[in-house]
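Below, each chain spelled out in residue letters.
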Amino acid sequence: MDERNDHDQVAELQDEHLIVESPISTPTDDMAFFHTLREVVRTEHLWQWEAGADDTKSVLKTLSQGIKNAGGFRVVGDATLEDHVFDLTLWLEDQHVFRLADIDVMLLDALSLDLGRGTLFVRELTRQGLMYHILVFGEARARELQVNVIGPRMQHIRDLGTLVVSSVDSFSA
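Now for a description of the structure that goes with this document. (Residues numbered from 1 in each chain as written. Predicted model: local features only at pLDDT ≥ 70, side-chain atom pairs only at ≥ 80, totals over all residues. Heavy atoms only, no water.)

## What about the overall build of the chain?
How we decide: Numbering of helices and strands runs from the N terminus, with a helix taken as a DSSP run of H or I at least four residues long and a strand as a DSSP run of E at least two residues long. Contact between two residues is taken to exist if any of their heavy atoms lie within 4.5 Å; hydrogens are not considered. Areas reported here follow the Shrake-Rupley algorithm with a probe of radius 1.4 Å; residue values treat only the protein chains shown as occluding.
The helix and strand tally for the chain stands at four helices and five strands. Put simply, 57% of the contacts in the chain that link residues at least 6 apart link residues at least 24 apart. Total accessible area on the chain is roughly 10900 Å²; 52% of this is exposed by carbon and sulfur atoms.

## Here's the deal with the environment of methionine 154
With respect to the secondary-structure elements, methionine 154 resides in the segment after strand 5 (143–150). Along the backbone, methionine 154 and leucine 100 are 54 residues apart, and their C-alpha atoms lie at a distance of 9.6 Å. Excluding its chain neighbours within four sequence positions, the residues that come into contact with methionine 154 are Leu92, Ile103, Gly129, Leu130, Val149 and Leu160.

## Describing the sheet that holds strand 4 (residues 129–136)
What counts here: Should DSSP find at least two bridges between two strands, the strands are regarded as paired. To get an axis, a line is fitted to the C-alpha atoms, and for a helix only the part in contact is used. The angle between two axes follows their N-to-C directions and goes from 0 to 180 degrees.
Here five strands make up an open sheet; going across it, the order is 1-2-5-4-3 and the pairing mixed. Among the strands making up the open sheet, the edge pair consists of strand 1 (73–82) and strand 3 (119–125). Taken over all neighbouring pairs, the strand axes of this sheet differ in orientation by 20 degrees on average, direction set aside. Across seven bridges, strand 1 lies against strand 2 (residues 85–92) in antiparallel orientation. Among the inter-strand pairings, threonine 80 is bridged to a residue of strand 2, identified as aspartate 87.

Below, the structure is given as structure tokens:
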């Protein structure tokens with residue numbers, strides 16, 4: 001009789017163990033998670049940005065001006081709006097940056113973004129450098145920014161190799 005109880009208890013423990021270890025159906029890839037969240041934000045928040053609108057021009061001007069005032073980066077070309085996404089390319093100029101976290105802080109500062117107020121970003125390693133996908137949805141109107149960080153200084157970033165990207169035109173250092 002004790003043998004049967006022991007067998008039942010072991011079976012119960014195995015069942016509980018299986019329940020705990022069952023995979024959760026959430027995206028494991030950062031980019032997949034970003035795109036999923038972006039779609040939720042697009043449906044729940046005001047999103048549309050038109051290229052010729054005054055508010056769009058104001059955002060583009062503010063972005064360029066903030067980067068110029070913050071230092072560390074130089075805007076390459078013009079900040080543009082493509083398919084409701086603000087797109088800009090930055091040249092990394094700061095000689096004292098050696099870690100991804102340093103670039104993150106500099107970029108958030110230059111763009112005047114606060115992670116505590118509804119901002120999400122993911123990084124992607126590309127052939128040119130780093131691409132930041134940024135979603136700001138804590139304000140009255142959601143914004144998506146795509147920021148490319150390029151330049152010869154990127155070669156000195158020590159922890160670039162920690163980024164793993166699954167896209168075809170990207171690589172892992």
